[in-house]
Amino acid sequence: MTVDYKDTIALPETDFPMRAGLPKAEPVMLKRWEDQGLWQKQREQSKGNEKFVLHDGPPYANGHLHIGHALNKILKDIIVRSQQFMGKDSLYVPGWDCHGLPIEWKIEEQYREKGLDKDEVDINEFRKQCREFAGEWINTQREEFKRLGVFGDWDNYYNTMSFKAEAQIARELGKFLMNGSLYKGSKPVMWSVVEKTALAEAEVEYKEHKSTTIFVRFPIKKAGEPALEDASIVIWTTTPWTIPANRGIAFGPHINYSLYEVVEAEEGSATEVGQKIVVADAMAEDVQGRFKVAEWKHLQSVSAESLEATICHHPFHDAGYPYDVPVLAAEFVTTEQGSGFVHCAPGHGADDYELLTIKHGMPIPDTVAEDGTYYPSVPIFAGESTYTSDGKTGTANGAVMRELAMRKCLMAKENIRHSYPHSWRSKAPLIFRNTPQWFVSMETNDLREKALKAIDDTSFFPETGRNRLHSMIANRPDWCVSRQRAWGVPLPIFVSKQTGEPLRDQEVLDRIFAAYEEEGADAWFSRDPQEFLGNQYNADDFEQVKDVVDVWFDSGSTHAFVLEGRDELKWPADLYLEGSDQHRGWFHSSLLVGCGTRDRAPYDAVLTHGFVLDEKGMKMSKSLGNVTTPQEVNDQYGADILRLWVVSEDYTMDLRIGKGTLKQLADYYRRFRNTFRWLLGNMAHYDASKRVAVEDMPELERWVLHRLQELDILVREACNKYDFHKMYRALHDFCAIDLSSFYFDIRKDNLYCDASDDPKRLAALTVLDEIFNRLAVWMAPILTFTTEEAWLERYGDSMENSVHLQQFPETPVSWNDADLAAKWAKIRDVRRVILGALEIERAEKRIGSSLQAAPVVTVSEEIATILSDVDMAEVSITSDITIETGDVSADAFKLDDVEGVGVVAKEAEGGKCERCWKVLPEITEEHIICNRCDEATSHLAAAE
RNA sequence: GGGCCUGUAGCUCAGCUGGUUAGAGCGCACGCCUGAUAAGCGUGAGGUCGGCAGUUCAAGUCUGCCCAGGCCCA
């Protein structure tokens, strides 16, 4: 009967389970953190430390979180936590963006379902419902964010609809008003006929749309050269309804044009024999076909000079359109489609406005009302609609074409499908419409220049973000900040009925701001305007602007009411972090508000991450069925898996996620978890009073400490550069390659079988302690739940304990030993050769366990010197080993990349020690355990 | 259509200023162990470096074009 020696060895003992059960365990941990007031504890503990402020870009309080939110908030959390671990007082105040069209639209939808009309409801009642809607989503999202392990001041979050915020947003706008940057202008803007509002660029989406295209003949009134008399210029447009607003024709200065005369017209052609037409040469053949001209004659080329000197009649010049239509050169004209001439309506197109109004100073006619119908003042077409209130094509196109045809000016008519702007909410096609709007000038107070300078002074992660933001600021037009909507911060502006100028009086503004602060921006609508105007002005002399400010101005002002508005924070922020789309959004608007009011950006650094795609790199969409939600991942795997995902890929590029990704992540996770588990199991035998001094440790232990020192440097550098992928890789590979398959594997024998007071064993335990304390804390920003679980397993679950109250441990520089590392790199090479040789023995069924082997290793003099004081049997986990110096024999096992090492595997002689399983000559039938084990167990017995 | 960006083994990534047979981890296959066991160890098979053309003695690395994908804009 053999003794069960298993009881005499120090196997790992731990309650830290191999299987994590994160979906159930994480909520319990969250509850614990809440109960112990971990956030407050952390604040108290780091009071007075240098602050690190990552200012939260507010998500929109509308709908459940998607995977992109998770990426964003987890990345923020990892940064905030890592800064805290590096000794900062790292403060994160989450926030929400609340105003704006999508919420307004949701409430309007509810109205429509009940058969109510929004316009019949009191505006503040409507705003109240928007406010409640946003408030509910804030609560929902807050819980969803917390579930991800995101740590912040969740009880004191900020939002853009608080009274304080609304007042401050108005104050910021007031600054632009007072310094003259804010001006009233008129511009064609993207306009939704359905929602009766101008739309921000971000509110527009482009999708395919069917448009009627027409070729229209403009008779020449004043010819630029004699040949052009009695001729016509033909334009092409995809928006027939804009013809009444036409005030010019554009041609390309580098395009060749010619005059053609119709010789023979086909049946049904709108042309007449003898008619003279100017078109681009490149389009002539195409146009001839479309016009059903059987034959025409090329009369002559027409120069740019001639064209520029030409003036046309408006097609309806006989019926109330007596305008001269000048022919103007413009670079934007192409010969891809049409006739080579572009009709220009400055009230209905950006290029048109640029060319006619900005460049040639022509007035903009107001032709279309907010509901999409022509104003009563428009001859012929008064009341006709461009688009109807439900987004369908209106009557205007037909009416215009009828009138053109009547005058023999409609030369051809077709349909095309092309990309066309639509409202992101109603999905209805948009028009460009000339409207009075409020603008922040990019030039009046050198805003553009200041912003570009501020970009130079900002750090970008990755660096490419600088260029992207720079080119956007350099090219952007003035900022249209007004919206004809209800749910937002009203522009605090009174316009003088007499002069048309906005009132610029700080006292009036201050009264408005005070009212906003007191009861929210609703005050603008609920209070008597005279209250704001005071005694100095008469409300009857002013028009109260009812527009609200662009929501980008709201979020662009968060730094004012959050960073400046809270004592615990600081202005500017250390970091703004958002998806790369925010170059156009929050980074951009914050920069402009910052520079316009404080002459610099509200951030020192900007970090951008990519977008989340499916496993194949395609955009996620419900129709493709490739959507992964954070809720799913939490329920199936746990938030720590999602957090691991964030660092497992390079967030500066687009990230991918799907079933396969998650499976792989679970494997990565297991490696970390089992490393912790094994460490914890061995720490059960750790005794702090028996720690071994570094100088008394074996080389192998000192090598591990060297690695820890290298990693310490790497981890801190990576955190400072926000390069968590690199850090994660280094730590993962450390666990897998250095620890599990090398150090742990070798030291199992010592830890399990050596006498409890054996110096080597105690040294190993000391090192395991150093490893655990670092690995747990280094990984804590990423695996927040798992590292805490491990930490509490090790140090007890007292409410005072938490890994998140630790700092990255100081790691002595003296642990660094490059010579030792180089030596052990060589040793590992030799080990690889030995292990390779054993594999052959295994294949030949001569051995199973490596302890059955006692290989003979032949090495060069140089390597022999290196190995002279190394126990290669221990390192190779064999029972014995012979190292010989000399030439490697031909039949020895070798590796191509390890020179001067040959191994002949031999079986170990003797019997198997019942306790440590080594095969040793001293083992006999009577003596079933080896001398080392004998001593170890007697020691044990003595201790008992 | 324009601006910015990405494309290296099944997956996630290395590969510096162009220079010997392109690397790693994971996964996979096979084997070992059965005292980290729904774990641990080892070995192995996987790549036209998105494609084409060019510059060069030499290109994954430089240039151009094309393809695929992403963000932003029109």
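In case you missed it, the structure is sitting above this.
In this report, we go over the structure that sits alongside the text. All values reported here derive from a predicted model rather than from experimental measurement.

1. Side note on the overall build of chain A
Line of reasoning, step 1. The number of helices and strands found in chain A is 29 helices and 33 strands.
Line of reasoning, step 2. Computed over C-alpha atoms, the radius of gyration of chain A comes to 39 Å, more than 25% over the 30 Å expected from 2.2 N^0.38 for 944 residues, which places it beyond the range of a compact globule.
Line of reasoning, step 3. Considered along the principal axes of its C-alpha atoms, chain A spans approximately 125 × 75 × 50 Å.
Line of reasoning, step 4. The buried share of chain A, taken over its 944 residues, is 57%.
Line of reasoning, step 5. Across chain A, every contact between residues at least 6 apart in sequence was considered, and the portion connecting residues at least 24 apart equals 77%.
Line of reasoning, step 6. When the accessible surface of chain A is summed, it comes to about 39,700 Å², and 48% of that surface belongs to carbon and sulfur atoms.
Line of reasoning, step 7. Averaging the locations of the 106 positively and 154 negatively charged side chains of chain A gives two centres separated by 3 Å.

2. A closer look at the sheet that holds strand β29 (residues 882–885)
Line of reasoning, step 1. The four strands are arranged β29-β28-β31-β30 in an open sheet whose pairing can be described as mixed. Lying at the two open borders of the sheet, with one neighbouring strand each, are β29 and β30 (893–895). Shown here is a sheet whose adjacent strand axes are inclined to one another by a mean of 25 degrees, direction ignored.
Line of reasoning, step 2. Bridging between strand β28 (residues 856–859) and strand β31 (residues 898–904) involves four bridges; their strand directions are antiparallel. Looking at the pairing, V857 lines up with V903 of β31.

3. With respect to the nonpolar core
Line of reasoning, step 1. Of all hydrophobic cores here, the largest spans 143 residues; its most connected members are L644, W645, F724, Y743, L768, I771 and L775.
Line of reasoning, step 2. Residue contributions to this core peak at 15 residues, all from helix α23 (residues 724–753).
Line of reasoning, step 3. Among residues more than four places away in sequence, those in contact with L644 are L665, Y668, Y669, F672, Y728, M779, I782 and L783.
Line of reasoning, step 4. F215, V278, V327 and F381 belong to the second-largest nonpolar core, a separate cluster that totals 68 residues.

4. Notes on the packing of helix α22 (residues 699–720) against helix α24 (residues 759–779)
Line of reasoning, step 1. At a closest axis distance of 10 Å, the pairing of α22 and α24 adopts a crossing angle of 15 degrees. On the basis of the axis angle, α22 is roughly parallel to α24. For the pair α22 and α24, the crossing hand works out as left-handed. Mapping the contact onto sequence places E701, V704, L705, L708, L711, D712 and V715 in α22 and A763, A764, V767, E770, I771, R774 and W778 in α24.
Line of reasoning, step 2. For the contact of α22 with α24, the per-class residue count stands at 10 nonpolar, no polar and four charged.

5. With respect to the packing of aromatic side chains
Line of reasoning, step 1. One pass over the structure, following the stated rule, counts 36 aromatic pairs.
Line of reasoning, step 2. Each ring, one from Y374 and one from F381, has its centre 5.9 Å from the other, and the planes form 40 degrees; the classification is tilted.
Line of reasoning, step 3. Owing to a relative accessible area of 2%, Y374 belongs among the buried residues under this scheme.
Line of reasoning, step 4. Considering the side-chain rings of W703 and F742, the 5.4 Å spacing of their centres and the 85 degrees angle between planes classify their relative orientation as edge-to-face. Taken together, the residues span a long stretch of sequence, with W703 in helix α22 and F742 in helix α23 at a distance of 39 residues.
Line of reasoning, step 5. A relative accessible area of 0% means that F742 is categorised as buried.
Line of reasoning, step 6. One aromatic cluster in this structure is built from F316, Y321, Y323, Y374 and F381.
Line of reasoning, step 7. The ring of F145 carries the charged tip of K73 above its face, separated from the ring centre by 4.3 Å.

6. A few points about the protein's contact with RNA strand B
Line of reasoning, step 1. For RNA strand B, the set of nearby residues contains 55 residues, the closest of which are S648, Q664, R677, R915 and W917.
Line of reasoning, step 2. Across the atoms of RNA strand B situated within 4 Å of the protein, the share located in sugar and phosphate is 74%.
Line of reasoning, step 3. Within the backbone of D650, one N or O atom sits 2.7 Å away from a phosphate oxygen of RNA strand B.
Line of reasoning, step 4. Broken down by secondary-structure element, the contributors of at least two residues to the surface near RNA strand B are α12 (464–475), α21 (659–683), α23 and α26 (818–843).
Line of reasoning, step 5. A total of 12 residues in the surface near RNA strand B trace back to one element, the largest contributor, which is α23.
Line of reasoning, step 6. The residue inventory of the surface near RNA strand B, partitioned by class, reads 18 nonpolar, 13 polar and 24 charged.

7. What about the side chain of T597?
Line of reasoning, step 1. Tracing the backbone shows T597 in helix α18 (residues 586–598).
Line of reasoning, step 2. Leaving out residues up to four positions away in the same chain, T597 has contacts with E172, K175 and F176.

8. Digging into the side chain of D712
Line of reasoning, step 1. Looking at the secondary structure, you find D712 in helix α22.
Line of reasoning, step 2. A polar contact is formed between the side chain of D712 and the side chain of T811, at a distance of 2.9 Å.
Line of reasoning, step 3. Leaving out residues up to four positions away in the same chain, D712 has contacts with W778, P809 and T811.

9. What to know about the environment of D478
Line of reasoning, step 1. Looking at the secondary structure, you find D478 in the loop between α12 and β19 (479–480).
Line of reasoning, step 2. A residue is classified by how much of its surface remains accessible, and D478, at 18% relative accessible area, is buried.
Line of reasoning, step 3. The spatial distance from the C-alpha of D478 to the C-alpha of Y183 is 10.0 Å, given a sequence separation of 295 residues.
Line of reasoning, step 4. With residues up to four places along the chain from it excluded, the contact list for D478 reads Y183, K187, F439, V440, S441 and M442.
Line of reasoning, step 5. Among the polar contacts made by the side chain of D478, one reaches the side chain of Y183 at a distance of 2.6 Å.
Line of reasoning, step 6. Reaching out from D478, the side chain makes a polar contact with the backbone nitrogen of M442 at a distance of 2.9 Å.

10. Quick notes on the packing of helix α11 (residues 447–456) against α18
Line of reasoning, step 1. In contact at an axis separation of 9 Å, α11 and α18 are set at 115 degrees when each is read in the N-to-C sense. As judged from the angle between their axes, α11 and α18 are roughly perpendicular. The interaxial crossing formed by α11 with α18 has right-handed handedness. For the pair formed by α11 and α18, the contact residues are L447, K450, A451, A454 and I455 on the first element and L591, L592, C595 and G596 on the second.
Line of reasoning, step 2. Tallied by class, the residues present in the contact of α11 with α18 amount to seven nonpolar, one polar and one charged.

11. Overview of α18
Line of reasoning, step 1. Counted at 1.5 Å a residue, the expected span for α18 with its 13 residues is 18 Å, and the 17 Å between its end C-alpha atoms agrees.
Line of reasoning, step 2. Within α18, 13 of the 13 residues are buried, leaving the element largely enclosed by the surrounding structure.
Line of reasoning, step 3. Two residues or fewer past α18, D599 is found with a positive phi of approximately 65 degrees.

12. A closer look at the sheet that holds strand β5 (residues 182–192)
Line of reasoning, step 1. Read across the open sheet, the four strands follow the order β6-β5-β17-β19; overall the sheet is antiparallel. With partners counted over all chains shown, the strands left at the sheet margins are β6 (197–198) and β19, one partner each.
Line of reasoning, step 2. Relative to β19, strand β17 (residues 431–440) runs antiparallel, the two sharing two bridges. Across the sheet, the residue bridging to V440 is W479, located in β19.

13. What to know about the environment of T629
Line of reasoning, step 1. You can see T629 is positioned in the loop between β26 (612–613) and α19 (630–636).
Line of reasoning, step 2. Of the polar contacts made by the side chain of T629, one reaches the backbone nitrogen of E632; its length is 3.1 Å.

14. Brief notes about the environment of Q288
Line of reasoning, step 1. Tracing the sequence through the fold places Q288 in helix α7 (residues 281–290).
Line of reasoning, step 2. Once residues within four sequence positions are removed from consideration, Q288 is found in contact with V293, A294, E295 and W296.

15. Looking at unusual backbone geometry
Line of reasoning, step 1. Following F461, the chain continues into P462 via a peptide bond in cis, with omega recorded as -5 degrees.
Line of reasoning, step 2. Even without glycine at this site, K292 takes up a positive phi of about 55 degrees.
Line of reasoning, step 3. Inspection of the secondary structure puts K292 in the loop between α7 and β12 (293–302).
Line of reasoning, step 4. Although it is not a glycine, D599 sits at a positive phi angle of roughly 65 degrees.
Line of reasoning, step 5. Here D599 lies in the loop between α18 and β25 (605–609).
Line of reasoning, step 6. D599 sits in the exposed class, given a relative accessible area of 52%.

16. Re the pairing of β17
Line of reasoning, step 1. The element β17 is largely enclosed, with a buried count of eight among its 10 residues.
Line of reasoning, step 2. As paired elements, β5 and β17 share 10 bridges and run antiparallel to each other. Within β17, the residue paired with V189 across the bridge is R433.

17. As for helix α6 (residues 163–178)
Line of reasoning, step 1. The end-to-end C-alpha separation of α6 is 22 Å, in line with the 22 Å expected for 16 residues at 1.5 Å each.
Line of reasoning, step 2. Residues A165, E166, A167, Q168, I169, A170, E172, L173, G174, F176 and L177 constitute the buried set of α6.
Line of reasoning, step 3. Phi turns positive, to about 85 degrees, at G180, one or two residues after α6.

What counts, and where the lines are drawn
- Residues numbered from 1 in each chain as written.
- Chains lettered and ligands numbered in written order.
- Predicted model: local features only at pLDDT ≥ 70, side-chain atom pairs only at ≥ 80, totals over all residues.
- Heavy atoms only, no water.
- Helix = DSSP H or I, 4+ residues; strand = E, 2+ residues; numbered from the N terminus.
- Rg over C-alpha atoms; globule rule 2.2 N^0.38 Å.
- Buried < 20%, exposed > 50% of the residue type's maximum accessible area, 1.4 Å probe, protein only.
- Contact = heavy atoms within 4.5 Å.
- Areas by Shrake-Rupley, 256 points an atom, 1.4 Å probe, with all protein chains shown as cover.
- Lys, Arg positive; Asp, Glu negative; His and termini not counted.
- Charge placed at Lys NZ, Arg CZ, Asp CG, Glu CD.
- Pairing = 2+ DSSP bridges.
- Axes fitted to C-alpha atoms, helices over the stretch in contact; angles between N-to-C directions.
- Core = buried A, V, L, I, M, F, W, Y, C linked by side-chain atoms within 4.5 Å.
- Parallel < 35°, antiparallel > 145°, perpendicular 65-115°, else oblique.
- Left-handed = near helix turned anticlockwise from the far one by under 90°.
- Nonpolar A, V, L, I, M, F, W, Y, C, P; charged D, E, K, R; others polar.
- Phe/Tyr/Trp six-rings, centres within 6.5 Å; stacked < 30°, edge-to-face > 60°.
- Lys NZ or Arg CZ within 6 Å of the ring centre and 35° of its normal.
- Near = heavy atom within 4 Å.
- Polar contact = N/O pair within 3.5 Å; in protein donor to acceptor, adjacent residues only side chain to side chain.
- Expected span 1.5 Å × (residues − 1).

All we've got here are geometric facts, nothing functional implied.
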